[in-house]
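Fold and geometry: a report
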Amino acid sequence: MLLGLAPAAQTQAQSRDSAEYTLRVAAKKTINNSTIDGKAGFAEYKNYPTRTIAQLQGFTPSIVKLSKYGGRLDKRTKATGFFHVKKVDGRWWAVDPDGYFYLHNAPNDVQPGRSERTQKALQDKYGDRAGWMAGTRKFLLENGFNGTGAWSATADIQAENTRADRPLAYTINLDFMSKYGDKRGGTYVQPGHKGYPNDVIFAFDPGFEAFAEEHAKQLAKHKKDKNLFGYFSDNEMPLLRKNLDGYLTLPVTEPGYMAAKKWADERGVTLATITDQHRQDFLAFAAEKYFSIVAKAMKKYDPNHMYLGCRFHGAQRYYPELMRVAGKYLDAVSINYYNNWTPEKRWVAEWEQSASKPFLITEWYVKGEDAPELANTAGAGWVVRTQADRGLFYQNFTLGLLESKNCVGWHWFKYQDNDPTIVGAEPSNTNANKGIVNNYLVPYAPLLDKMRELNLQMYPLADFFDQRTPQP
């Protein structure tokens, strides 16, 4: 069902979908992924309905002139001197520092790998790090990207931006909770993100608020940088509906146990009588504790830049109670969005309804079987047969994001492939074809052709969907 649409409009939209999702791309899901020993299972290949720009009924490509930041020069609102978000005529936009409507379109992890072969390729192709950064900025802009996502080379990007006529809008990961966990002890490495005891974070520790205050002081040095798009406070934390059970089974000396026990006692709840509603209510309580502490510290030292959340993942995107709390403190909700070939129409609508804020998709990708030397057993998500199929997936997914009207950007994971020659790599990043360039810094042309085609049309596409989507 298409939320908010009258029956006639639903029928019209469904008919249009049938006419446009006419391509079929074979893909398989990775299961039991990211294992340290390099083993993984895969589902069978299945053909997925796919839509590209070429299949859109009535869309005509056009040219929109861009601001220095990559905003669209034909639509403007009040400038604040920094990136922010605004809802205009039913669509959420980011707004660039000069006031032009903007969508943040970036790869993650924009930095060269540390392997011997990548470093040699960098020297041969670019000369040095500064040369690589200058060339990479131009490469990204030529392919319709206007920024960088998480885990990118912040110092290199900042230095290049001071010399550039068209800077890259970058993001910074702050890792409040995971760095507090490193200091406190008890966390551990698991594929993709930090692990916590009983899958619960340390938000109730008396020491966390003081740590957050001290940790946020580093933001002051960025507060006047117009090129900074915003901050992530953490990555993929276990804010889950099972948290109440997890806190209540911690050692009784733990602050998290004591906070959960007090909450449960006030409601007459025990481990034996916990209901799903209790779990949802407590998740909102724990999330409120985390977001309120972090947001206060961040805004104290940098009131100018956006708080982009903590990169929700997995089932978190289906938790309205979590979205409601996040929306109180965030400028935009960041979501790492895996295992859906096409964005789910219900949920991309409900995220905005619950949070009253737009969203960013901050991780997503597909791996190709035609990338040499890469077994693709690491990491989540899809596997397809070719780089061209990767490009079709990119268009299909981003068209769904643009159609939602609630998405202010997307960050592809990632700039460069995983490199199997690196010893001791993080378990989810060992051997997968995630990059737009390979480990010799050579672009995947069939993928980039489709990326560029869509990226250069993202503003006309937004207008196209605004004009044709039936109103509730």
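Residues numbered from 1 in each chain as written. Predicted model: local features only at pLDDT ≥ 70, side-chain atom pairs only at ≥ 80, totals over all residues. Heavy atoms only, no water.

To continue, consider the sheet that holds strand 8 (residues 104-107). Spatially, 8-18-15-14 is the arrangement adopted by the four strands of the open sheet, whose pairing is parallel. Each end of this open sheet is capped by a strand with a single partner; those strands are strand 8 and strand 14 (333-336). This sheet shows a mean twist of 15° between the axes of neighbouring strands, independent of strand direction. Sheet topology note: the strand 8/strand 18 (residues 407-412) ladder contains four bridges and is parallel. Paired with histidine 104 across the bridge in strand 18 is glycine 409. Strands in contact with helix 12 (residues 387-404) are strand 8, strand 15 (359-363) and strand 18; relative to strand 18, the strand with the most contacts, it is inclined by about 160°. (Pairing = 2+ DSSP bridges. Helix = DSSP H or I, 4+ residues; strand = E, 2+ residues; numbered from the N terminus. Axes fitted to C-alpha atoms, helices over the stretch in contact; angles between N-to-C directions. Contact = heavy atoms within 4.5 Å.)

Taken as a whole, the largest pocket spans an internal volume of roughly 1300 Å³. Gly192, Phe413, Glu426, Ser428 and Asn429 are, among the 48 residues lining the largest pocket, the residues nearest its centre. Elements represented by at least two residues in the lining of the largest pocket include exactly helix 5 (176-184), strand 10 (188-190) and strand 11 (193-195). Take the lining of the largest pocket: its biggest share by element is three residues, from helix 5. Looking at the lining of the largest pocket, its residues break down into twelve nonpolar, 21 polar and 15 charged. (1 Å grid on protein atoms, 1.4 Å probe; cavity = no way out; pocket = protein on both sides within 12 Å on 5 of 7 lines; lining within 4 Å. Points joined across faces, edges and corners; volume = space filled by probe spheres on them. Nonpolar A, V, L, I, M, F, W, Y, C, P; charged D, E, K, R; others polar.)

This brings us to the pairing of strand 12 (residues 228-232). Counting buried positions along strand 12 yields five of five residues, so the element is predominantly enclosed. One ladder, built from four bridges, connects strand 9 (residues 170-173) with strand 12; its direction is parallel. By the bridge assignment for strand 12, tyrosine 170 is matched with leucine 228. (Buried < 20%, exposed > 50% of the residue type's maximum accessible area, 1.4 Å probe, protein only.)

Strands pair in a sheet through their backbones, by hydrogen bonds, and they do so in one of two ways: parallel or antiparallel. Taken together, four strands build an open sheet; the order of strands is 4-7-6-5 and the sheet is antiparallel. The strands lining the two open edges of the sheet, one partner per strand, are strand 4 (72-76) and strand 5 (84-88). Here the strands of the sheet are splayed against their neighbours by 55° on average, with no regard to which way each runs. In this sheet, strand 6 (residues 91-95) lies alongside strand 5 in antiparallel orientation, the contact comprising five bridges. Along strand 6, the bridge assignment pairs valine 85 with alanine 94.

Secondary-structure assignment places serine 354 in helix 11 (residues 345-355). If sequence neighbours within four positions are ignored, serine 354 has contacts with Pro320, Met323 and Arg324.

Before going further, it helps to examine the confidence of the model for the protein. The predicted model of the protein has a mean per-residue pLDDT of 95, with 95% of residues at 70 or higher. Across the protein, strand 7 (residues 100-102) holds the top mean pLDDT of 99, while helix 1 (residues 7-20) sits lowest at 76. (pLDDT = per-residue confidence, 0-100.)

Geometrically, a packed helix pair is captured by the angle between its two axes and the distance between the axes. Packing of helix 3 (residues 129-142) against helix 4 (residues 154-163) leaves a shortest axis separation of 10 Å and a crossing angle of 70°. Judged by the angle between their axes, helix 3 and helix 4 are roughly perpendicular. Judged by the twist between their axes, the crossing of helix 3 over helix 4 is right-handed. When helix 3 is examined against helix 4, the residues Arg129, Ala130, Met133, Ala134 and Arg137 are found in contact with a partner set consisting of Asp156, Ile157, Glu160 and Arg163. Looking at side-chain class alone, the contact of helix 3 with helix 4 contains four nonpolar, no polar and five charged residues. (Parallel < 35°, antiparallel > 145°, perpendicular 65-115°, else oblique. Left-handed = near helix turned anticlockwise from the far one by under 90°.)

A few words now on unusual backbone geometry. For the bond running from phenylalanine 413 to lysine 414, omega is 20°, close enough to zero to count as cis. Here lysine 414 shows up in the loop between strand 18 and helix 13 (445-455). For asparagine 198, which is not a glycine, the phi torsion comes out positive at approximately 60°. Taking relative accessible area as the criterion, asparagine 198 reaches 39% and is therefore assigned partly exposed. With a phi close to 60°, asparagine 376 is a non-glycine residue in the positive phi region. Position of asparagine 376 among the secondary structure elements: in the loop between strand 16 (366-368) and strand 17 (382-384).

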